[in-house]
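Fold and contact review
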Amino acid sequence: MKGKCSFLAYSLCLMSMFFLLSTVSGFSQPQNKKDSIEIARKAKFEIAKEVLKSKTFGILPDDNRTPYDRKNFMGFENNKLVLQGVFAKSAPRHVCEVKNYIYKLDDNGNVTVTFDFSGRVTTGKFKIVMQKGDNYVEIIETIGFNVNNPARTPFKLYGEVFPSDSCNYMVIANEL
């Protein structure tokens, strides 16, 4: 478990590159706080786009329906999908295999990721959509079911995408 410090350092490095490139290519430095915020958002989007593409991302839910809990996490660790808290719909941490991982970047710059997952007691499908310009995603459809209870229960969540090793969450010890 690592804090957001490495993500901040990575973001600052990427933002510095944007500043450098804009200066070298003849564009001026940001003139106000609004420009700086926009550059930071673009940097976050570029990082999120790359980690979604390379399956090295983590998502921390962030919406008004999901109470904050440091145990809520979905992401990749050691090439395995990890679901815990609200994503696992149970107390244990689920470690799953992933199949049919498809990353698409549309003509407008929006990112869509779909994949199937299966673990010892859970299987399902995720569809994640990220609009161009920010690292905030909408998990449009999550269909998961427990092997012992095959009732499908779709739900929708929202959250921020970070490099998986930069997500600030609490690892649940019980693992399935």
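Here the structure is a predicted model, which means the values were calculated and not measured. (Residues numbered from 1 in each chain as written. Predicted model: local features only at pLDDT ≥ 70, side-chain atom pairs only at ≥ 80, totals over all residues. Heavy atoms only, no water.)

The next subject is the packing of aromatic side chains. All chains considered together, the criterion is met by 7 aromatic pairs. Ring geometry for Tyr101 against Phe115: centres 5.4 Å apart, planes inclined by 20 degrees, an arrangement best described as stacked. Of this pair, Tyr101 sits in strand β4 (residues 90-105) while Phe115 sits in strand β5 (residues 111-118), placing them 14 residues apart in sequence. Grouping residues by exposure puts Tyr101 and Phe115 together as buried. A ring pair is formed by Phe115 and Phe126, whose centres lie 5.5 Å apart and whose planes are at 40 degrees; its orientation type is tilted. With Phe115 in strand β5 and Phe126 in strand β6 (residues 122-130), this residue pair connects regions lying 11 residues apart in the sequence. Phe126 shares its class with Phe115; the two are buried. Put simply, the rings of Phe57, Phe76, Tyr101, Phe115, Phe117 and Phe126 touch in pairs and so form one group of aromatic residues. A cation over a ring is seen here: Lys55 above Tyr101, with NZ or CZ 5.2 Å from the ring centre. (Phe/Tyr/Trp six-rings, centres within 6.5 Å; stacked < 30°, edge-to-face > 60°. Helix = DSSP H or I, 4+ residues; strand = E, 2+ residues; numbered from the N terminus. Buried < 20%, exposed > 50% of the residue type's maximum accessible area, 1.4 Å probe, protein only. Lys NZ or Arg CZ within 6 Å of the ring centre and 35° of its normal.)

Time to look at the side chain of Asn72. With respect to the secondary-structure elements, Asn72 resides in the loop between β1 (57-61) and β2 (73-77). Judged by relative accessible area, which is 7%, Asn72 ranks as buried. One polar contact links the side chain of Asn72 to the main-chain amide nitrogen of Val86, over a distance of 2.8 Å. (Polar contact = N/O pair within 3.5 Å; in protein donor to acceptor, adjacent residues only side chain to side chain.)

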